[in-house]
Amino acid sequence: MLTLRKWFSSLIVLVVTVVPVMAGNNDAKPANGNAANAEPAAVPANPNPSPNLTAAPGSANVTALLGVLVTKGVLAPAEADAIRNAAPEAEFQLLVEALSRKGVLSAADLSAAPSPAAPAAAQPTAPAAAPVEARESVSSSRADSGVSPQQPQTQPQAPIPSRVAGELPPPPASVVGAVIPVRVFPIDAPKTGGLAGIKAGPITLAPYGFIKATVVHDSSDPNGDDFPFPGIWLTAGPNSTFNTGPTKDPEVHVKARSTRFGLNVEWPDISKNLTLTGKIEGDFEGNFSEVDNRDVSSIRSNEPQLRLAFVRLDYHASDTFDVFFLGGQDWTLFGSGALENIVETTFNGAFWGNIWERSPQLRGGFIWTLDKEHHVNLEPQFGIMMPSTGQILKLGLSGLAGQLGEGEREGADSDRPEYEGRVALSYQLDKAKGVTPAQIAVAGFHSRRTSIVPNSSYICDGGTNVLACSLESAFPNGFQASSPQWGGQIVAQIPTRWATLVATAYRGGDLRFYFGGQINTFATDVAGLTAVSGPYVSADGGPLVAAGGAVLGCTAALVGGACPGGNVEVAPQRPIRSFGGFVQLGLPLSRWFNADPRGHNAGWQLLFTIGKDQVNDHDLNNPGYVAAYNGGGTAPLPMLMGKTAIGTLYYKFNNWCQFAFEQSVYATRAKDGITLYTIAGQPSNEWQDHRTEVGPIFTF
């Protein structure tokens, strides 16, 4: 952990060095701190110039505004002169009265406006704010790691570039915003007309995305990926699967495939109470193509992939109650409710404590505003998802057949959808400006996978294999082996003006699809069986390398090598259980030291993250799971846990460009009592990768 201490020390030194600069360098402010001395904005040419409309000390803003109003014909030059020549404390009131007489301001406008205070020093004009980012809800990836507008008028721009482009821009910032947690589900319902963008007839289109180019150094990367992969390396060859060779196998990558693109859409409806929105989003995180014209260039010409594609219908029953329906591919309710705010978004903490997924689904729920003043919203949701189980590309000799079988078929072969639910409560814990509402949520899911064995896979040879023939005769048409999938999660996101804390914990069985459980799915339990036959080749790609095989067994003593009739059963398959989570602390450094929210020092943020994903010890060491039964797979895999510690520093140069530096440690520990790895020639129970990633991120 010496390296870990070094980079933590480096980050602290960097913060100590930079903070005094931030505190004393407010780029958008004049040197003396009094904006009244700032140069006023240029006034458009006046077709009827008034020689008296010249600048005077303390009235630059009023003078500039009067010039614009005269140019546009709202005020006559004589009226402008009268206001300009009045006492400084009366200028504003006279201007309001003139605009009221001309119908520009109504009585309602005047009653809603606050009483004018003493003339304030003029402030320089801030550049137009970029659309609010909603992070990964873009609903900030997953792996990759939509989101409808999340009240952009009250939320500052988030630090990670997964923005919801086209949302109405917020007013000019008066304070540096707090750290915004990653949220893929909206806290508030989208409203009609809430999307600003390109008009294509009656439809509004708002493109968005980001370009990320980073340099990466891994101290140990035996799998050769440009993202952290758990310690079960798939490309090292059959004779050196867990051996790094003479070194730790360090690597350097320069990557741009995290670049993302998307489109938010709003359709009109004849009812003012209906809002119809949608999203389509993709990136280039797909696998490398193996076609002929990519023989030497696949690593930089990787394939695009679909991330999100859905439509959402909101019915605004009242100003406090919204009912919605969503159909398409979106984030799952289980697992995705809290995501890490980190630079490495290709795997996004997968198998290290950050569970998430995106899946085709039909989902509905409501948003009930219980208290507008404190932004208290209750949001229950329920959905049916595509039933899915785990997959590992490149694993084993089954190749694509294994991927299709375990990743794409076994869930569908269960002949039932996956059920997911989530209940979230948001509330404004800290009422300071630029602080988003806090949120607590609980989520869960239940599903099932099924493996089908046709009788064409039977190994009875007509009588020589007595045991197999006796077992298979009990299921003359073939058989099925199945196991449940389930999980529960609790999430807390607590933003304040001083720091933002995000914590999540989960527990479940067969969580590989959600990037949990150290790549494990299920195991075949042969405990209590006197004899077994198998594993059998299934119609969906088995037997699979990282999971139990479909097996028949006998529950009684054999007679003449055969199982007595009535004592045959399909060996039960059970989900391998796991648990984990992460904690992240985000520190808004620029806010701490009162940086100018419109200057170049407004975007300094420092985040610390720790996470862990661990297999249930009983399942990992269950003798019924690991017993040899004719090569029935390797489940469970011999990995106990994955753990990570991450430090991330963001510097937002402006609303469209930021720079990021991230130092992290990823480690995989084998189960107790074994030395699974050989690292640089030395046996070890644990493998570590010390990873450094740095680069710019441009948003649009």
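A short tour of the structure in this document, coming up.

Criteria and cut-off values
Residues numbered from 1 in each chain as written. Predicted model: local features only at pLDDT ≥ 70, side-chain atom pairs only at ≥ 80, totals over all residues. Heavy atoms only, no water. Helix = DSSP H or I, 4+ residues; strand = E, 2+ residues; numbered from the N terminus. Buried < 20%, exposed > 50% of the residue type's maximum accessible area, 1.4 Å probe, protein only. Areas by Shrake-Rupley, 256 points an atom, 1.4 Å probe, with all protein chains shown as cover. Salt bridge = Lys/Arg side-chain N within 4 Å of Asp/Glu carboxyl O. Disulfide = S-S within 2.5 Å. Pairing = 2+ DSSP bridges. Axes fitted to C-alpha atoms, helices over the stretch in contact; angles between N-to-C directions. Phe/Tyr/Trp six-rings, centres within 6.5 Å; stacked < 30°, edge-to-face > 60°. Polar contact = N/O pair within 3.5 Å; in protein donor to acceptor, adjacent residues only side chain to side chain. Contact = heavy atoms within 4.5 Å.

## Things to note about the overall build of the chain
Secondary structure assignment for the chain yields ten helices and 26 strands. Taking all 700 residues of the chain together, the buried fraction comes to 53%. Accessible surface, the chain as shown: approximately 29300 Å² in total, 62% of it carbon and sulfur.

## Some details on the pattern of salt bridges
One pass over the full model with this rule turns up 19 salt bridges. Linking R574 and D525 is a salt bridge whose minimum nitrogen-to-oxygen distance equals 2.8 Å. One end of the pair, R574, is in strand β19 (residues 573-575); the other, D525, is in the loop between β15 (522-524) and β16 (531-536), with 49 residues separating them in the sequence. Look at R574 and you get partly exposed, because its relative accessible area is 36%. Judged by relative accessible area, which is 10%, D525 ranks as buried.

## Considering the state of the cysteines
Two cysteines whose sulfur atoms are joined by a covalent bond form what is called a disulfide. One pass over the full model with this rule turns up two disulfides. Put simply, C460 and C469 are joined by a disulfide, and their sulfur atoms are 1.9 Å apart. Residues C460 and C469 are joined by a disulfide whose S-S torsion is about 90°; by sign, that bridge is right-handed. Each disulfide pairs two cysteine sulfurs, and for C554 the partner residue is C563, the sulfurs being separated by 2.1 Å. Handedness here is read from the sign of the S-S torsion; for C554 and C563, about 80°, the answer is right-handed. Residue classification places C554 among the buried residues on the basis of a relative accessible area of 0%. For C563, a relative accessible area of 7% corresponds to the buried category.

## Quick notes on the environment of G194
As for its placement among the helices and strands, G194 is situated in the loop between α5 (107-112) and β1 (198-200). Along the primary structure G194 and T275 are separated by 81 residues, whereas in three dimensions their C-alpha atoms are 9.5 Å apart.

## Some words on the sheet that holds strand β17 (residues 550-554)
Spatially, β16-β17-β18 is the arrangement adopted by the three strands of the open sheet, whose pairing is antiparallel. In the strand order of this sheet, the two ends are held by β16 and β18 (568-570), each with one partner. When the angles between neighbouring strand axes are averaged without regard to direction, this sheet yields 20°. When β17 meets β18, the two strands line up antiparallel, connected through three bridges. Note that in β18 the partner of G553 across the bridge is E569.

## Describing the packing of aromatic side chains
If you walk through the whole model with that rule in mind, you get 27 aromatic pairs. With 5.1 Å between their ring centres and 25° between their planes, F321 and F366 make a pair best called stacked. Of this pair, F321 sits in strand β8 (residues 321-331) while F366 sits in strand β9 (residues 358-371); the two residues are 45 residues apart in sequence, bridging distant segments of the chain. F321 sits in the partly exposed class, given a relative accessible area of 26%. Judged by its relative accessible area of 26%, F366 falls in the partly exposed class.

## Quick notes on the side chain of T668
Tracing the backbone shows T668 in strand β23 (residues 657-670). Among the polar contacts made by the side chain of T668, one reaches the main-chain amide nitrogen of G231 at a distance of 3.0 Å. Aside from chain neighbours lying at most four places away, what touches T668 is P230, G231, W352, Q518, M639, M641, G642, Y677, N685, E686 and W687.

It is worth stressing that arrangement in space is one thing and function is another; only the former is reported here.
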